[in-house]
Structures are given as structure tokens and as C-alpha cells.
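What follows is the residue order along each chain.
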Amino acid sequence: MFSLSQASLNHGKQRVLHDISVSISEGEKVALIGPSGAGKSSLLSLLWEQHPADIALCPQDNALVDILSVYQNIYMGALSRFGTFYNLLNLIRPWPARRQEVSTIAAQLGIADKLMTSPDQLSGGQRQRVALGRALYRKQNVFFGDEPVSSLDPAQGDALLGDVLSQHSTAVVAIHSPELALKHFTRIIALQNGRIVGDWSASSVSLAQLSAIYSGGQ
Amino acid sequence: MTTDTAHHRAGRSTASGLVRLSTGFIVVALLALMIADIHLYRPDPWQELGRIGLGLVTPTWPDIPELALAVGHTVAFALLAVAVSAGLGLLLAMWFHWRWVRVLAAAIRSVHEVFWGLLFMQVWGLSATTGLLAILIPFTGIFAKVFADILQQQRPHTVQTFGAASRINRYAYGWIPKAWPELLSYVRYRFECALRSSAILGFIGLPTLGFHLETAFRQGQYSEAAAVLWVFLLLIASVRLWLRPRLVPLFIVAAIWILPEMPPVNASFFWQFISQDLWPKALQRGDIIATGQWYAKVFMSDVWPALWQTLAVTQIALVVSGVLALLYYPFASRWLVGSVRPLGRFKLLVLRSVPELMLAYVFMLIFGPSALPAILALGIHNGGLIAFLLANNSEDSSHTQRPDSPTGAMRFFYQDLPQRYPAFLALLFYRWEVIMRESAMMGVLGIATLGFYVDSAFEEIRFDKAFFLIVMAAILNIVIDSLSRRLRKRAGLRTPLM
């Protein structure tokens, strides 16, 4: 479904990805791990560009429109499903049927009572739930996330990640925690300094091996 | 953005609060439409419009040295006024923590350049003194406030290392050098404003470009009027090319040399003007009751209708500016309409370079003398100015937008517009007080706002009445300024840097 061969990426003069070859097939749930600045986000966006229309994306920051309501922010996942006029009217007054659907998602995420407030009034964790809400409302089979639960406490993050992954057949997620990577994913790709330094199936790798990636060794 | 402000009650988005606020302003503007004196005096505006349009593309000027001298005067007034007022403003800014300095600055900037001009004209006639003072007094007030804001936003680290240095030393070694680039760029922007003010003063008779523009328009010489207008636009557009920082001292010397005659200051005449002419006879006699009656009478006959008209024009023009800004800006943002933008920065720059009074004058020739030309002129000018800043803002933030942002109209309505809206409202509220000042001033064209009554009072040589009207205009301006500040704060809108 996704494949890169010997791909590189520069940001300005700096090379952020070197010689990346990887292919990901349907049904795989892939965790991208590695220290900050290893190139996880860059790899994620390279892969995203291959099927932008079919992916529910949950980017790291600036993911929300601050002053619109939580409802509108989640609804934005469905803009491409409806016509321009329908979307415009929804901006003035939410359609009852859509509001019903969006509140169901908000309830799953634990922000049902925040539906009509806006993200600028929410905590970091709550904002992250809204961003996940938009991804869920895209209703795609593929989920891409960049540290999607980093602002939640570990137990909540764990539960929510499991929930989101269960609603998608394929997923690629950059994640900081080796524990979550092992628990929820079928395949783990490790990056360091813009290169792939490990590519394992989750059943064949240990927590100690993964933790070593963060301490600089392999 | 703050989360604890009044309208952030649970269960309401920030957007819905801002929409409610905007709706309030629209309702007020609709009510104002009923009060405002809006008429179409010319049943067939197209003929006049055609002649003006023809003039615009066939600019001619018979006497080039005369035009060059007018350009020289326009630049000289602006340059000298800015040089002096920036210095005075900086001094005032250093003591801005004193209440009386803030009150003084607010008072002198609340009176429009044209009103200062009309006032000083009674003493010094159409001289350099009148022109210079008319610009530099309000500009000193504006510089004081903005400089104080800029200095306050600097981080205190450097100055904290000084120990117990005197205030002047703390500013000279710490605050001012730290803020220098920002101060300088604001002075540069203000110089453009001063060029506009200087040109405008020509409408009341000073020998700047506005004088020739008004004369040509009045005589129906649209090609000559167009020549003046194009020269003025070129002058503003090319400021950065000819006003090199190193050449400024040279320009200042040249400006002093080119200034029209400056009459000697006649102290006793000036003293009589401010101690007697500006006040009603009854007050000079010490008759308090008759003074009260006089003020009450003038208030009912002149001030009251003038205030209502000015407020009505202001509120309508404010909403028109806002609507136009929101209509223009997406077409000037690369992120929203792609690289072929129907409204480039250049067109928006032209829109904001033409002084409101000139635009209003042209519209008045087309539609006749009602509030309509003033509203259109204020709306187009301020709409262009705000749209320019919003379009820049929209393009700048395009680099940090998420890759799966919506496209087309949905990108505008669901993402960019809500992201720009708080800044948009802040800018609009920031212009509110400016729009009011300009609405009042436009009365000199014959529109029934405060300026009309001020102008008539001066014509009747009733200085006491004119002065009363000017003071009332200033008070209205200060009230709107503080209302705007309060609304911005309540809605959690940060003050934008212009």
C-alpha cells in the first residue's frame, strides 16, 4: 500500500531522511519509534503524500482551528463527504444528524461535555482528544498519527490508542513510548538520525531492544 | 488567548462569542443607517464617473514647476513634523507612567490634523507654522502612545543589570537601543501617514498637493486632478527609494529651506486667541449662568446633531470596512487563491495609500454631498488596510498549516477565516477611533458630521463655537478609544502591531 525506495528528504540544507526503503501493506499496524529529531514526522509525511485522500491524519501540532467549536473541529474530518453548501450551513448551525454522530465520537473520547466549547478553552490532553476525534470522523481504513496520545496520562493514552487502532485496519503511528509500541502494533520501525535502524515484527522484539534506541545504542 | 474572560462561559465556543459581538456591531450599523443622512443627489452618476475615469487615464499638468513645489511642500511639512514629533513623542513615552502625560497624549491625538489646521489658521494664516503644528501636535500624541507600547514590550533583562541608573540613562542605554528597530520602522510608517495628512491639509488651503487636487476637481479639470493624484501615489509608493536613512539630515535642511513663509509669532495676538477668542463672551464677563445657557444652546443646535451624524457614519463605516476587508483578503492570499491573486498586495497598497478625504471627495462628485461618500471612502481605505495585514498573516501562517487542510472555499470558511478572525476584530477595533476621527473631519467636505459644523463656525468667525465642537469631537474620540480597548480586552483580543 505504501512503499519508498531509497528516499531522501531535505528541509532547507539539512538532510532529515537518508536512503529510506520501506513498504507497508494493508492490515499492518506500524509504530515508528526513535528519539526526537530522528525523522519520524518526516517519514510519516512522505508516506502520507502517497494516499492523502484515504488517510485519517492526526498531526502533532496546530491540528485544530482554535476558536471554532469542538463539534466543528471534529466535523472538519467529514468536509470532503458533503457538499460546499451543506458544509457552510453546518458552520452556521450544526445539522442534527451530524451532531448526533459527532457526539458519539466525543463520548468515546471522554469530551462529550465539551462539544460546544472551543479548543482554545481546553487543556493539552483535551485538545489531543479533539484532534483524534477529527481523525475518527474521517472514517477511513488507514490511520496516521504523530504522537497522538503524548499529552494524555499513560493509562488514558493506552486505552485511547487501543480504541483508535481498533477502528482502523491499517495504521502508521509515530510514538515515543516503547511500551505502547509493543502493546498495540504488529510491526515496529526504529529511526535514528534520519535512517531506519531497525524493522521488526512486534512479536520478535523485546522492550530492552526498543529502549536501547532511545539511549543511543542499537 | 486567555481562557478566563467573561464570554468564555462553559458550553460556548470562542467563535460564537465573537460572532455575537460582530452581530451587535452590525445591528448598531443598521440602526445608524436610519439616522445617517444618506442621499443620492445625482440621479445619473455614470456620466460624472465616466469623466473622472477618462481623467485618470489622461493625466496632464500645465505647470510642472508649480506641481514640483507642491510636492516639495508636502514632503517638507511631513518630514519636519515627523522629525519633531517623534522626538517629543519619545520623551513623553519615557514618562508615560505619569497619568497627566497619558491624558495629554490622548487629548492631543484625539483632534484631527485638519481641525488643528483650521484652529491655527486663525492665528497664523496659511503659513508653514500652521501646517507644521497641525501635523506635529497630534503625531506627538500618537508617537507617545505607540512608543510607550513598544518600549513596554521589550524584555527587562538589559536594564535590570544597570542597578540604580537614572530614568534617562535607563532609557538611553537600555530600553531605546533595544527597541530601536521597532521604533524606527514605526517612524517610517508614520512618515507615510504624515505625507497623507500633509496632502490633506491642502484641502483647507495650505500649499500642498491637496490644494491643487481640490482646485482641479472643483473646476472639473479631471485630467489635472488625476496628475496630482498619480504624483501623490508615486510619492508614497517610492518612499523607501528616496528616503535613505543617511540622506535624512540633508532632506531636513532642504525641507527647512523650501518651507513657505513663516510669520513672526505675535505673542499678544496668540494669547488673545487662546484666552479670549476661543471662549464665549459670557464666560469672559464671568457670567456663569449665561455661559451655561450659551453652551446648552450650542449643544442642542449644533453639537447634538453633529455627534449623532458622526457616530452614525462611524458605525456604518466600521462595518463596511470589516465586510470589505473580509471580502478582499482571501483574494490577496496565496494560500487561499493560489499564486495568481486577483487582488495583489500592490492593489491593496494603492487602496490604503489614497487618503480617505481624497476618496471621499471623488465619491462626492459622483454621488453628491451626503454621508454615502464618507462611508464608502472610509470603508474602502480601512478595508484595504486591514485586508493587507490579514493577507500577509494568512500567507505567513500557511507554512504551519496541517498538510490535510481542506481545499477551496472550505479552506477559507472552516480554517483560515476562523484563524484570522480574532486578529481581524482586533485590527478593526483598533481602527474604530481612527475612523471616528476621520468621519468627524470629513464634514469639511459638506457632509453633516462634526467637521461641517466646525468649518461653518470658523467661517462665521465664531471661534468659541468652533472650539466647543472640536472639544466635543475629542471627547467622543477618547470615549470610543477606551471602549475599543475594553472590548478588545473582554474578547481576549491582543493589540496588533500596525
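Please refer to the structure placed before this passage.
Residues numbered from 1 in each chain as written. Chains lettered and ligands numbered in written order. Predicted model: local features only at pLDDT ≥ 70, side-chain atom pairs only at ≥ 80, totals over all residues.

**Q** When you look at the overall build of chain B in this model, what are you seeing that I'm missing?
**A** Looking only at helices and strands, chain B has 22 helices and 0 strands in total. Projected onto its principal axes, the C-alpha coordinates of chain B cover approximately 70 × 70 × 55 Å. (Helix = DSSP H or I, 4+ residues; strand = E, 2+ residues; numbered from the N terminus.)

**Q** Explain the overall build of chain A to me, please; I cannot follow it from the model alone.
**A** A count of helices and strands for chain A gives 8 helices and 8 strands. For 218 residues, the compact-globule estimate of 2.2 N^0.38 gives 17 Å, and chain A sits close to it at 18 Å. Across its three principal axes, chain A shows a C-alpha extent of roughly 55 × 35 × 30 Å. Within chain A, residue pairs in contact and separated by at least 24 positions form 67% of the contacts whose partners lie at least 6 positions apart. (Rg over C-alpha atoms; globule rule 2.2 N^0.38 Å. Contact = placed C-beta atoms within 7 Å.)

**Q** Looking at this model, I keep getting lost on the pairing of strand β4 (residues 55-58) of chain A. Mind explaining?
**A** In summary, the side chains of a regular strand alternate between the two faces of the sheet. All names here are of chain A. Alternating residues of β4 divide into Ile55 and Leu57 and Ala56 and Cys58, and every residue in both groups is buried. Here β4 runs beside strand β5 (residues 142-146); their pairing, made up of 4 bridges, is parallel. Considered in β5, the bridge of Ala56 is made with Phe143. (Buried ≥ 20, exposed ≤ 12 C-beta atoms within 10 Å, placed from the backbone. Pairing = 2+ DSSP bridges.)

**Q** Would you mind showing me how to read the environment of Thr74(B) here?
**A** Residue and element names in this part refer to chain B. Tracing the sequence through the fold places Thr74 in helix α3 (residues 64-94). Sequence-wise, Thr74 and Leu126 are 52 residues apart; in three dimensions their C-alpha atoms are separated by 14 Å. Here Thr74 is in contact with Leu195, Ser198, Ala199, Thr208 and Leu209, once residues within four sequence places are set aside.

**Q** How should I be thinking about the sheet that holds β4(A) in this particular structure?
**A** Picture the strands of a sheet paired through backbone hydrogen bonds; they go either parallel or antiparallel. All names here are of chain A. Taking strand neighbours across the sheet as the criterion, the 6 strands line up as β4-β5-β6-β3-β7-β8 in an open arrangement whose pairing is mixed. For this open sheet the edge positions go to β4 and β8 (195-201), each flanked by a neighbour on one side alone. For this sheet the average axis-to-axis angle between neighbouring strands, irrespective of direction, equals 15 degrees. Where strand β3 (residues 29-33) lies against strand β6 (residues 170-174), 4 bridges are found, and the strand directions are parallel. Each bridged residue has a counterpart across the sheet, and for Lys29 the counterpart in β6 is Ala171. (Axes fitted to C-alpha atoms, helices over the stretch in contact; angles between N-to-C directions.)

**Q** Please explain helix α1 (residues 40-48) of chain A as it appears in this structure.
**A** The periodicity of an α-helix, 3.6 residues per turn, causes residues three or four positions apart to be oriented the same way. Of all the positions in α1(A), only Lys40(A), Ser42(A), Leu43(A), Leu44(A) and Leu47(A) are classed as buried. Of the surrounding elements, those touching the buried residues of α1(A) are β1 (2-11), β2 (14-24), β3, β5, β6 and β7 (187-192) of chain A.

**Q** I'm lost on the packing of helix α21 (residues 450-459) of chain B against helix α22 (residues 463-490) of chain B in this one. Help?
**A** The geometry of a pair of packed helices is captured by two quantities: the angle between their axes and the separation between those axes. All names here are of chain B. The geometry of α21 relative to α22 is characterised by a closest axis approach of 8 Å and an angle of 160 degrees between their N-to-C directions. In terms of their interaxial angle, α21 and α22 are classed as roughly antiparallel. Here α21 runs over α22; the crossing is left-handed. Residues Leu450, Tyr453, Val454, Ala457 and Phe458 of α21 lie in contact with α22, whose contacting residues are Lys465, Ala466, Leu469, Ile470 and Ala473. Residue composition of the contact of α21 with α22, grouped by class: 9 nonpolar, no polar and 1 charged. (Parallel < 35°, antiparallel > 145°, perpendicular 65-115°, else oblique. Left-handed = near helix turned anticlockwise from the far one by under 90°. Nonpolar A, V, L, I, M, F, W, Y, C, P; charged D, E, K, R; others polar.)

**Q** Please clarify how the environment of Ala473(B) should be interpreted in this entry.
**A** Residue and element names in this part refer to chain B. Topologically, Ala473 is positioned in helix α22. For Ala473, a count of 29 C-beta atoms within 10 Å gives the class buried. Separated by 166 residues in the primary sequence, Ala473 and Leu307 place their C-alpha atoms 7.6 Å from one another.

**Q** Teacher, can you tell me more about the interface of chain A and chain B here?
**A** Where interface size is quoted, it is often the accessible area lost as the parts come together. Contact with chain A, which involves 23 residues of that partner, is made by 25 residues of chain B. Sorting the residues of the side of chain A that touches chain B by element identifies α1 and α3 (84-92) of chain A as the ones contributing at least two each. Per element, the largest residue contribution to the side of chain A that touches chain B is 4 residues, and it comes from α3(A). Partitioning the side of chain A that touches chain B into residue classes produces 13 nonpolar, 8 polar and 2 charged.

**Q** Just checking my understanding: could you explain the nonpolar core for this structure?
**A** Here is a general trend for soluble globular proteins: nonpolar side chains tend to be buried in one another's company. Core analysis: the biggest nonpolar cluster contains 216 residues, and Leu32(A) and Leu469(B) have the highest contact counts within it. Counting residues per element, this core draws most heavily on helix α20 (residues 408-441) of chain B, at 16 residues. (Core = buried A, V, L, I, M, F, W, Y, C linked by C-beta atoms within 7 Å.)

**Q** How should I be thinking about the pairing of β2(A) in this particular structure?
**A** Residues and elements named next belong to chain A. With 7 bridges connecting them, β1 and β2 associate as antiparallel partners. What sits directly across from Phe2, in β2, is Ile24. From the end of β1 to the start of β2, which pair antiparallel, there are 2 residues, and Gly12 there has a positive phi angle of about 65 degrees.

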